[in-house]
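The chain contents come next:
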Amino acid sequence: MNFNSFLFFPFFFLVVILNYILPKRYRWLWLLITSYVFYSLSDIRYSLVLAACTAIAYTAGRLMGQSQDLKTRKRWMLGGVILNLAILFIFKYFNFFFESLSAALAAAGLQFTFRGIELLYPVGISFYIFQVISYLLDVFNGKAQSEKHFGHFALYVSFFPQLLIGPIERFNHLQPQLLNPSPFNYNSFINSLVRIAWGIFKKIVIADRLAILVNTVFSDPQAFESSKMVLAVLAFSFQIYIDFSAYCDIAIGTGRILGIDLVENFNRPYLAKSVGDFWRRWHISFSTWLRDYVFIPLNYRHRRSKPRLLWTSLDVMATFLISGLWHGASWTFVIWGGLHGLYQVWELLSKDWRDAWVRRLNIDRSSFAHKTFQVVFTFSLVSFSWLFFRAESVSDAIYMVKTIFTLDGTTAISAWVFNDGSLGLDAMDFLVMSYALLLFLLFEFVNRRINLFKALRTQPLWFRWAFYMVLIFSILIFGYYGKFNPEDFVYTRF
Amino acid sequence: MHDMIQKLFARDWFRFCAFIALFGMVLLAVQGLFFVDAGNNDISGQTPMWQEYYRQPPGSIEVALIGSSHGYNAFDTQVINQLLGLNSIKMGTGSESIIQTEIEIEELCKTHSPAAIVVEGYSFQHELSENSYLKTINSINNGRIPLQFLLTNPNLYLGNLSPLIREHYLWKNIDRLFKRFQQNARLPSPSVQAQAERELEWSTESDLIEMDSYEQALGETIKEFAAPADFLAAGENIIKDRPCGPLLVVIRAPMIHAPFTYKVYGMEAFETLFEKYAVPYLDFNTHPLFQGHPPIYYQNIHHVSHFGRVITSVETARRLAELLGRPLDPDKLAYYRSYYFDSYRFEADGSQVTLTLSPSDSEASAGLQYKWILFKDGDQIRETPYQAEPSVTFTADDPQGKYKVQVEIKNPAGDYILDGILSYPPGD
């Protein structure tokens with residue numbers, strides 16, 4: 001089941017009603033049951049994998065909690081982490097690893113034939129395994145107490161609003177709320193419903209239309225001119241953000257209705273003024289995870305290594321290569337991660353030099369023009385990396401880059417016609433997509449200074465109701481409908 | 001009062017419920033803009049037929065022929081109009097059930113006061129198919145969906161209301177939505193009119209006498225189920241409480257076998273109702289002209305051919321004339337009776353095959369002229385001019401070949417052309 005399937009709505013309605021009817025002390029059990037039902041409705045075997053990861057992490061955490069000896073604690077921590085990573089490896093990277101090994105050996109003239117095996121891919125496995133790893137590391141580092149109650153711990157791992165694609169929650173943040181959720185609050189309830197509706201609007205009206213355009217071009221790049229490729233890359237930049245943030249809107253909204261505050265995962269990332277800034281705004285729960293559990297430990301380990309800047313750069317690269325690999329078992333993701341690593345290494349290494357030039361040219365950093373340039377430049381770099389992220393293969397990505405930079409085919413008038421159906425969207429769909437996207441960007445821009453959802457609550461009743469009506473009817477009328485499956489949210493693939 | 005409202009609106013639960021109620025009302029108010037998922041029935045389906053209906057000036061329909069595809073095939077409004085001197089129209093939906101017939105009669109009676117309503121009998125027997133039902137409500141009122149459907153069939157209707165619920169294929173293409181707005185705004189548009197004319201043409205012409213499993217179907221009995229209570233209630237409601245049409249006639253089209261795709265309800269319970277309320281009832285399955293179910297009268301095992309349609313239309317007009325106390329035009333009666341045929345036969349002499357039609361009344365049919373068009377494997381190979389002979393000889397020298405003989409029959413006394421296609425070997 002996913003948030004954009006119809007079944008979710010009656011399911012969630014039932015969850016909420018019983019959640020508030022049941023005595024508070026039993027709510028965790030109800031949420032645990034419903035979380036497993038939610039997950040099992042995609043495939044019951046997924047729940048077995050989830051339960052196995054939970055059991056491993058719980059056991060390792062308990063054993064760490066019972067021991068005062070650092071070495072023993074470390075052994076249990078490593079055991080839990082390695083076993084969970086092994087599960088992730090089996091389900092996500094097994095084929096990729098052996099295919100890559102086979103290719104490498106073949107290149108070295110050695111014979112090794114590997115026939116890929118068909119394995120189950122439990123949706124959300126990357127997310128909840130990172131979540132349990134964070135728990136194990138926090139317990140080991142003394143930042144969190146090991147959980148004694150298996151059921152409570154199982155709920156932390158499986159809480160359904162954030163199970164499939166996050167946000168990746170820390171134990172200390174989520175667990176106390178799960179055991180002691182906020183009481184029902186009408187204003188919060190209404191705000192959450194609006195947040196959910198906004199998420200559905202973003203997903204069904206905008207992202208799903210962008211997806212048509214993106215899929216059309218990326219599935220057969222040879223058929224398109226440079227101009228259409230650029231459009232598809234830009235469209236994907238927006239699709240992935242709108243799609244993922246829509247999921248998070250719905251997740252956060254559903255969580256709040258149940259009295260649980262999930263962490264915010266985005267902070268207008270395309271208004272970032274540098275790639276480093278982008279990563280402070282994009283998929284925040286994941287980037288902070290990487291910062292806390294990969295980059296900082298690595299950097300700490302290299303704190304005395306010289307030259308300092310080189311080691312820091314290597315740590316950044318390692319962090320972002322892991323980030324790429326986490327997204328998927330493919331070299332396109334590794335390149336994507338590598339590009340982000342390189343961008344940030346460049347920002348790190350060139351900082352003094354750039355500062356000097358800014359001073360020499362007397363550039364006002366606070367000027368609108370300078371900020372706009374930074375935002376556009378950062379967006380261009382990020383969009384370029386998205387090309388690798390979305391491409392079906394490395395060779396496709398290279399072909400697209402070549403075509404884009406040689407402006408291939410752009411002299412033909414047809415190369416500049418985007419709404420003739422050649423990109424999978426007819427004129428009307430293209431128009432709806434464009435207007436909806438503009439509306440979204442305007443919302444993002446204004447929302448920098450004014451929290452529009454909060455501002456809405458202060459408006460008179462007639463205005464609020466009119467807004468709700470327009471939002472709901474926009475979803476009903478302009479939604480791009482079809483058969484959905486859990487893969488339809490982009491990040492459920494990772 | 002004002003204070004009370006203010007107090008109520010100060011309560012969260014009241015505001016929430018009030019919003020839901022308001023949302024429901026707005027939703028209902030915009031019903032006219034919603035498409036209903038009618039399966040494969042889009043604008044080229046039943047809709048043009050209904051649009052033709054809506055073009056009829058108010059009060060102009062004198063006989064309404066309502067029913068399913070059996071009715072569409074069995075009634076020819078040109079024949080009925082000319083024999084009775086009345087304006088008749090066909091209404092209905094493929095696989096129509098009596099539940100839909102009741103809805104259509106209500107719609108008819110809003111603007112017309114026909115002298116007679118003819119309900120084709122298989123409407124009583126077809127089970128309610130969701131798809132067919134949706135075709136009806138998609139077509140009625142130019143696709144605007146009246147409130148009563150929501151109120152009387154909430155599950156069915158709501159299931160089609162929200163695209164989120166239904167994965168609504170029509171909504172995927174927003175362009176169609178806007179076309180729909182335009183159509184609703186200014187009917188009839190020329191394109192819709194042309195479509196409607198084609199649809200009417202379809203309903204009065206072209207028959208294929210292809211008798212797949214004809215012999216087998218003749219030997220099988222139709223499994224019938226007991227009619228459910230809501231069907232009986234709808235039937236009784238039509239008989240007793242229809243808002244217009246002082247005369248109600250039930251005419252059951254001839255059929256060899258029911259299609260196997262839906263359930264057929266037995267007619268006995270309804271026949272009891274007809275008897276109880278003295279509803280005139282004509283069953284062509286027991287009519288002397290259809291005894292033994294001559295193959296020439298059928299285009300397939302459940303629909304009549306153009307040959308059969310002439311007869312059912314003339315005999316329907318004859319029954320209506322009796323019941324309405326109107327004279328039948330004797331010249332037109334003789335004219336249409338000249339189109340009665342009993343059978344056809346193929347005779348092979350080596351590769352030479354002769355097809356002969358047998359008029360029911362050789363004397364009445366003496367003036368008919370026949371044009372023969374021959375096809376082999378779908379390609380036309382020969383066409384004759386109109387001729388007086390009711391037979392044609394052609395060469396069928398390819399044992400694997402599929403031959404078809406199209407015949408156009410006209411009586412120079414009028415403009416009616418009977419169009420039929422016969423296959424050789426028969427049954428292919």
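Let me begin by describing the structure that accompanies this report.

### Observations concerning the sheet that holds strand β11 (residues 341-349) of chain B
Residue and element names in this part refer to chain B.
And then number 1: Taken together, the 3 strands give an open sheet; going across it, the order is β11-β12-β15, and neighbouring strands pair in antiparallel fashion. Of all the strands in the sheet, just β11 and β15 (391-395) have a single pairing partner and so form its edges. Pairs of neighbouring strands in the sheet enclose a mean axial angle of 15°, with direction left out of account.
And then number 2: Note that strand β12 (residues 352-359) and β15 share 5 bridges and pair antiparallel. Looking at the pairing, Q352 lines up with T395 of β15.

### A look at the packing of aromatic side chains
To describe a pair of aromatic rings, you give the distance between the ring centres and the angle between the ring planes.
All names here are of chain A.
And then number 1: Scanning the model with the defined rule gives 89 aromatic pairs over all chains in all.
And then number 2: Judged by centre distance (5.6 Å) and plane angle (10°), the ring pair of F8 and F12 falls under stacked. Placement of the pair is F8 and F12 together in helix α1 (residues 8-21), with a separation of 4 residues, close to one helical turn. By the burial criterion, F8 is buried, and F12 matches it.

### A few points about the sheet that holds strand β6 (residues 247-252) of chain B
Strand pairs in the sheet, formed through backbone hydrogen bonds, run parallel or antiparallel to each other.
Residue and element names in this part refer to chain B.
And then number 1: Spatially, β2-β1-β3-β6-β8 is the arrangement adopted by the 5 strands of the open sheet, whose pairing is parallel. Strand pairing shows two members of the sheet lacking a second neighbour, β2 (88-92) and β8 (281-283), which therefore form its edges. Mean inter-strand twist for the sheet, computed between neighbouring axes without regard to direction, equals 20°.
And then number 2: Examined bridge by bridge, β6 and β8 share 3 bridges and lie parallel to one another. Note that in β8 the partner of V250 across the bridge is Y281.

### Quick word on the state of the cysteines
All names here are of chain B.
And then number 1: Overall, the coordinates contain 1 disulfide over all chains when judged by the stated rule.
And then number 2: Here C109 engages in a disulfide with C244; their sulfurs sit 1.9 Å apart. Taking the torsion about the sulfur-sulfur bond, which here is approximately -70°, the covalent link between C109 and C244 counts as left-handed. In this pair, C109 is assigned in helix α6 (residues 98-111) and C244 in the loop between α16 (229-241) and β6, connecting sequence segments 135 residues apart.
And then number 3: By relative accessible area, which is 15% here, C109 ends up buried.

### Some remarks on the packing of helix α8 (residues 186-219) of chain A against helix α17 (residues 427-447) of chain A
Residues and elements named next belong to chain A.
And then number 1: Where α8 meets α17, the axes come as close as 10 Å, and the angle between the chain directions of the two elements is 130°. On the basis of the axis angle, α8 is oblique to α17. The two elements α8 and α17 cross, and the hand of that crossing is left-handed. When α8 is examined against α17, the residues W198, F201, K202, V205, I206, R209, L210 and L213 are found in contact with a partner set consisting of D429, F430, V432, M433, A436, L437, L439, F440 and F443.

Rules used in this analysis
- Residues numbered from 1 in each chain as written.
- Chains lettered and ligands numbered in written order.
- Predicted model: local features only at pLDDT ≥ 70, side-chain atom pairs only at ≥ 80, totals over all residues.
- Heavy atoms only, no water.
- Pairing = 2+ DSSP bridges.
- Helix = DSSP H or I, 4+ residues; strand = E, 2+ residues; numbered from the N terminus.
- Axes fitted to C-alpha atoms, helices over the stretch in contact; angles between N-to-C directions.
- Phe/Tyr/Trp six-rings, centres within 6.5 Å; stacked < 30°, edge-to-face > 60°.
- Buried < 20%, exposed > 50% of the residue type's maximum accessible area, 1.4 Å probe, protein only.
- Disulfide = S-S within 2.5 Å.
- Parallel < 35°, antiparallel > 145°, perpendicular 65-115°, else oblique.
- Left-handed = near helix turned anticlockwise from the far one by under 90°.
- Contact = heavy atoms within 4.5 Å.

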